[in-house]
Structures are given as C-alpha cells and as structure tokens.
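Commentary on secondary and tertiary structure
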Amino acid sequence: MTESREQLQQELQLIVKWEREQKDLWFWEKLGRLPFALLDKWTPRVIQDKIGTALNEIGKFIQTGGSYLVSEKTILEKLQQEARRSGERIIPEGVLPADTPLFLTLPEAKELSLAVMNRVADGLRDSRSTIATVQGATTGFGGVFTLAVDIPAMLGLSLKLLQELAVCYGFDPKDEKERMFIVKCLQFSSSDIVGKKAILEELAEYDNRSSDVQVMSQLQGWREVVTVYRDNFGLKKLFQLVPIAGALFGAYANRDALLQVAEAGTMLYRKRRILERLNSNPI
C-alpha cells in the first residue's frame, strides 16, 4: 500500500465523520422538497419538459453512457503530473523519459497515493464549479428563455464531473456498475437526511455484492432519482426565471449544486478506495 494502515484509518475516520454530518438540511434545501402538486402548479411547462428530458438521459447514461462518457486521458495526465510534482515514482526509473506525455494507465492510477488523488479531485472541484457559476449566470440572465438550456447542461456537467472523480480514484466510468454508482452519488447530493442515510447503507457493501445482481436491481429502481432530482432542482430554477436578477441567483445555485455533487463524489469514491486498500491488507 502507498499509505500505512494507520493513515488509511485516519482518512476513513474523516469520511465517517462527514457521513454523520449529513444529518440535516438547510431551510433552502427544505424548500426544494415541496409536494409535486406545487411544483406542477408553479413550474412552467417548458421547464418541466426540459427536466423530464434531462432525467430520461439518466437512464441512457446508466445503460450506455450516452453522450456523457468522458475520456480518461485528461484525468490520467493530471494524476501523472501531480504524482511527478509529489515525487512519486509511477514507473521504474529510466524506462521512459521524464517528459513522456502519457504512460499512466487506469490500473496504475489506482495505486497512487490518496494525497495525489485528493489534490487532483480538489482541482477538478474548483474548476468545474467555476464553469457551473459562469453557466448559471449566463443562462439566468435571460430568465425562462435561457433557463431551458441550463437544466440539461447542469445534468451533463454533474455526470461528467462524477466520472472524472471516478477516474481520479482509479475506477472505470465505462463500467455499467460504476455508472450506477455515479447516479447514486448524484442522488445523494440532492437527498434529504432519510435519503442520504438509505444511500449510505446501500453503498456500504457496494464492491462486495454480485456485480450482475447489483446493476440489474439498481436499473429497476433508478427512477427514484427522478423524484429526488426534480424536487431539489425544479423549485430552485423557479427563482432563476426573473431576467437579469436570475443571473445572480443562477450563478449561486449552479455553483452550490456542483460543489455538493463534487463533495459527495469525492467522499464516496475516496471511501471505496480506502476500504479496498484496507481489505487487501487485513493485517
């Protein structure tokens, strides 16, 4: 292992502490869980249609990856560069020149230290949240006329960020099982305390179950993500309908949403990598 068991245990305790803190919602988040009847009444049809279209894309993403699959190369290059800056040897010295553009593979990436993985994940969080902020401000400027563009764009940005985090911690987002995990991370970021607790319990033994059984059972129940995503996302977007003023709210809402997605993905993938290393060296 790159880290000692004591270091891994310390990292795991930080994640367990974070899980315990996921116990309540801000008033703002509680507003986003008003009954469907109110959402149906207040949400303009164009937004409802866009939310429905975007959520249908989640099903396609689980099954095939759709148009949301990302290239591993960029993230592997970031990991390689960070490993070199940290002085980690990732291939035998002298095998390839130090300035070789790319030689790191996904199986090799999973052997890097958590410190390297964490720094790259933090960089992804910061850069993608900036993109979401600009996007929210831009699409919020025109009110309802540009808001319809923002909804599928935010979903796509969230799914792509979670895939990048998967690669960052050495998991393959092209695997159907990993795509289901990504959707669960998306669901977790928008869930209330009851939902978060249920998802954490469900993911506790994610890597220890039969892959086929896990994926098939989750494919049957993936539509619960629709409910959670719509409750949280639909009402937020109502406040973005006012032209010009919606730009400020859109920037804040999108940045907040991406940061929540990034936090959930980072913590849950980090936990899986830590547990795998602990279980592979039980003594």
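As a reminder, the structure under discussion sits directly above these lines.
Residues numbered from 1 in each chain as written. Predicted model: local features only at pLDDT ≥ 70, side-chain atom pairs only at ≥ 80, totals over all residues. Heavy atoms only, no water.

1. Focus: the overall build of the protein
- Across its full length, the protein holds 13 helices and zero strands.
- Walking the protein from its N terminus toward its C terminus, one meets helices and strands in the order α-α-α-α-α-α-α-α-α-α-α-α-α.
- Surface accessibility of the protein: about 13600 Å² in total, with carbon and sulfur atoms responsible for 58%. (Helix = DSSP H or I, 4+ residues; strand = E, 2+ residues; numbered from the N terminus. Areas by Shrake-Rupley, 256 points an atom, 1.4 Å probe, with all protein chains shown as cover.)

2. Some details on the packing of aromatic side chains
- Overall, the coordinates contain four aromatic pairs when judged by the stated rule.
- Centre to centre, the rings of Trp18 and Phe188 are 5.6 Å apart; their planes meet at 40°, and the pair counts as tilted. Of this pair, Trp18 sits in helix 1 (residues 5-21) while Phe188 sits in helix 9 (residues 176-190), and the two are 170 residues apart along the sequence.
- Owing to a relative accessible area of 1%, Phe188 belongs among the buried residues under this scheme.
- Summarising the aromatic geometry, the rings of Phe181 and Tyr269 are spaced 4.8 Å apart at their centres and angled 55° between planes, so their arrangement reads as tilted. You can see Phe181 sitting in helix 9 and its partner Tyr269 sitting in helix 13 (residues 245-280), a full 88 residues away along the chain.
- Using a relative accessible area of 0% as the deciding quantity, one classes Tyr269 as buried. (Phe/Tyr/Trp six-rings, centres within 6.5 Å; stacked < 30°, edge-to-face > 60°. Buried < 20%, exposed > 50% of the residue type's maximum accessible area, 1.4 Å probe, protein only.)

3. Quick notes on the side chain of Glu72
- Relative to the helices and strands, Glu72 is located in helix 5 (residues 72-86).
- For Glu72, a relative accessible area of 18% puts it in the buried group.
- At 2.5 Å, the side chain of Glu72 and the side chain of Lys174 are in polar contact.
- Apart from residues lying up to four places away in sequence, Glu72 is in contact with Leu106, Val167, Asp172 and Lys174. (Polar contact = N/O pair within 3.5 Å; in protein donor to acceptor, adjacent residues only side chain to side chain. Contact = heavy atoms within 4.5 Å.)

4. Points about the environment of Val183
- Mapped onto the secondary structure, Val183 falls in helix 9.
- When the C-alpha positions of Val183 and Leu162 are compared, they lie 8.7 Å apart, and in sequence the two are 21 residues distant.

5. Notes on the nonpolar core
- The biggest cluster of nonpolar side chains holds 56 residues, and the ones touching the most others in it are Leu79, Cys168, Tyr169 and Leu268.
- Setting aside anything within four residues of it in sequence, one finds Leu79 in contact with Leu104, Ala109, Leu112, Val116, Met117, Val120, Val167 and Cys168. (Core = buried A, V, L, I, M, F, W, Y, C linked by side-chain atoms within 4.5 Å.)

6. Quick look at the layout of surface pockets
- Of the pockets and cavities examined, the second largest pocket occupies roughly 230 Å³.
- What lines the second largest pocket is a set of 15 residues, among which Leu203, Ala204, Asp207, Arg272 and Leu275 lie closest to the centre.
- Of all the elements in the fold, those that place two or more residues in the lining of the second largest pocket are helix 10 (193-203) and helix 13.
- No other element matches helix 13, which puts six residues into the lining of the second largest pocket.
- Of the residues contributing to the lining of the second largest pocket, the split by class is seven nonpolar, two polar and six charged. (1 Å grid on protein atoms, 1.4 Å probe; cavity = no way out; pocket = protein on both sides within 12 Å on 5 of 7 lines; lining within 4 Å. Points joined across faces, edges and corners; volume = space filled by probe spheres on them. Nonpolar A, V, L, I, M, F, W, Y, C, P; charged D, E, K, R; others polar.)

7. Remarks on the pattern of salt bridges
- Inspection of the entire model under this criterion finds 13 salt bridges.
- Ionic pairing is found between Glu82 and Arg85, a salt bridge with its closest N-O pair at 2.9 Å. Remark: Arg85 and Glu82 occur in helix 5; sequence separation between them is three residues, near one turn of the helix.
- Judged by its relative accessible area of 61%, Arg85 falls in the exposed class.
- When the shortest N-O distance is used, the salt bridge between Lys174 and Asp172 registers 3.2 Å.
- By relative accessible area, which is 47% here, Lys174 ends up partly exposed.
- Taken together, the shared-partner salt bridges in this structure form one network comprising Glu72, Asp172 and Lys174. (Salt bridge = Lys/Arg side-chain N within 4 Å of Asp/Glu carboxyl O.)

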